[in-house]
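Observations on the three-dimensional arrangement
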Amino acid sequence: MLKLHYNLEKVSMGLVGAIIAVASVGGIVEIAPLFTIEETVEIPDDMRPHTPLELAGREIYIREGCYACHSQMVRSLADELDRYGPYSLAAESAWDHPMLWGSKRTGPDLARLGEKYSDAWHVAHLIDPRSVIPVSIMPAYPWLTRDLDTGLIEDNLAALARLGVPYDDAMINNAMADARAQSQPDSDRADSVRDRYGEDIAVRAFDGDPSRLTELDALVAYLQSLGTLTDDAHEMFGEDAQ
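Residues numbered from 1 in each chain as written. Predicted model: local features only at pLDDT ≥ 70, side-chain atom pairs only at ≥ 80, totals over all residues. Heavy atoms only, no water.

Before going further, it helps to examine the UniProt feature "transmembrane region" (unreviewed entry) in the protein chain. Under the UniProt annotation, the feature "transmembrane region" (unreviewed entry) is placed at residues 12-35. Annotation note: span residues 12-35, helix share 83%, strand share 0%, distance between end C-alpha atoms 34 Å. (UniProt positions renumbered as here; feature names shortened; annotations may be inferred. Helix = DSSP H or I, 4+ residues; strand = E, 2+ residues; numbered from the N terminus.)

This is the structure we're talking about:
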């Protein structure tokens, strides 16, 4: 066997061919079983899609490059479980287009951030990070106080629906109104948002001013939703949902 390996190493193309053959066998063993099942990810029964306001906040999160410094995937390592909670499940990001798992942590992971801090804390942190964390190196985003542009919200929901996210016609047609209503808890349409997306969604003035719909409203609503779209991970580990 050693002699065969020695002779193979002297023939470069033969060695390349052997590497390809071995890698192909390993790939087939891993990939072939996937063709025998209908789905590789089982969606939890309590999973909900992002609301229009949260989805608008996600677009702002991407626009501002937050994913470059923050991951959204808790790994199954002891120190991460102690710090962040249950490790991330594939189902939790099954409806994310694009996914925002990230690969770098200049700042902490955000997969379980939802409702960990108050809305006021998030607003202060986004406007002036050093006001709440003196040693923070995060840049400030003072322009997020401007009004939210809702012109593309319906189109965004319709596009995601074509990709398999369970947005129905009522959700799409009422997207603009629902985005505003989620930040106005005393409005007549607030209950309609809960009817479409569930009683547990946060309906409040995220930036503290219900008279305006701002980019802060959208981004804070998105941050507060992270890790709350399903309780599946917490139930698997026998923990209370946060």
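Further remarks concern the domain arrangement of the protein chain. The domain architecture assigned to the protein chain consists of domain 1 (1-39) and domain 2 (52-241). A straight line from the C-alpha centre of domain 1 to that of domain 2 covers 44 Å. (Domains from an automatic or database assignment.)

With that settled, consider the nonpolar core. One finds Leu53, Tyr61, Leu126, Leu157, Tyr167, Leu219 and Leu223 to be the most contacted residues of the largest nonpolar core, which totals 45 residues. For this core, the elements supplying multiple residues, two or more each, are helix H3 (52-63), helix H5 (119-127), helix H6 (153-162), helix H7 (169-173), helix H8 (175-182), helix H9 (190-197) and helix H10 (215-225). It is H10 that provides the largest number of residues to this core, a total of seven residues. With residues up to four places along the chain from it excluded, the contact list for Tyr167 reads Pro49, His50, Leu55, Leu157, Leu160, Ala161, Ile172 and Tyr197. (Core = buried A, V, L, I, M, F, W, Y, C linked by side-chain atoms within 4.5 Å. Buried < 20%, exposed > 50% of the residue type's maximum accessible area, 1.4 Å probe, protein only. Contact = heavy atoms within 4.5 Å.)

The next subject is the UniProt feature "domain: Cytochrome c" (unreviewed entry) in the protein chain. As annotated in UniProt, the feature "domain: Cytochrome c" (unreviewed entry) corresponds to residues 52-227 in the numbering used here. Taken as a whole, residues 52-227 contains 40% helix and 0% strand, while its terminal C-alpha atoms sit 17 Å from one another.

Here Ala56 shows up in helix H3. Sequence-wise, Ala56 and Leu152 are 96 residues apart; in three dimensions their C-alpha atoms are separated by 8.9 Å. Excluding its chain neighbours within four sequence positions, the residues that come into contact with Ala56 are Leu148, Ile153 and Ala218.

Turning to the state of the cysteines, a few remarks are in order. Taken as a whole, this structure holds zero disulfides when the rule is applied. As a non-bridged cysteine, Cys66 has Cys69 as the owner of its nearest cysteine sulfur, 8.4 Å distant. On the basis of relative accessibility, which here comes to 13%, the residue Cys66 falls in the buried class. (Disulfide = S-S within 2.5 Å.)

Our next topic: a negative patch on the surface. A surface patch of like charges, here negative, comprises Glu42, Asp45, Asp46 and Glu235. With respect to the element layout, Glu235 can be found in helix H11 (residues 232-236). (Patch = residues over 30% accessible without salt bridge, like charges linked within 9 Å, V, L, I, M, F, W, Y side chains within 5 Å. Areas by Shrake-Rupley, 256 points an atom, 1.4 Å probe, with all protein chains shown as cover. Salt bridge = Lys/Arg side-chain N within 4 Å of Asp/Glu carboxyl O. Lys, Arg positive; Asp, Glu negative; His and termini not counted. Charge placed at Lys NZ, Arg CZ, Asp CG, Glu CD.)

For the coordinates displayed, the defined rule picks out three aromatic pairs. Ring geometry for Tyr117 versus Trp121: centroids 4.1 Å apart, planes at 15 degrees, classification stacked. Given the relative accessible area of 22%, Trp121 is considered partly exposed. Ring geometry for Tyr141 and Trp143: centres 5.5 Å apart, planes at 75 degrees, overall edge-to-face. (Phe/Tyr/Trp six-rings, centres within 6.5 Å; stacked < 30°, edge-to-face > 60°.)

Turning next to the pattern of salt bridges. Considering all chains together, one arrives at 14 salt bridges under this definition. Close ionic contact of Arg196 with Asp178 constitutes a salt bridge, the shortest N to O distance being 2.8 Å. Taken as a pair, Arg196 in helix H9 and Asp178 in helix H8 lie far apart in primary sequence, 18 residues in all. Owing to a relative accessible area of 23%, Arg196 belongs among the partly exposed residues under this scheme. On the accessibility criterion, Asp178 (0% relative accessible area) is buried. Salt-bridge contacts for Arg194 lead to Asp191; the nearest nitrogen and oxygen are separated by 3.2 Å. Taken together, the residues Arg194 and Asp191, both in helix H9 and three residues apart, mark about one turn of the helix. The structure contains a network of salt bridges with shared partners spanning Arg63, Glu64, Arg146 and Glu215.

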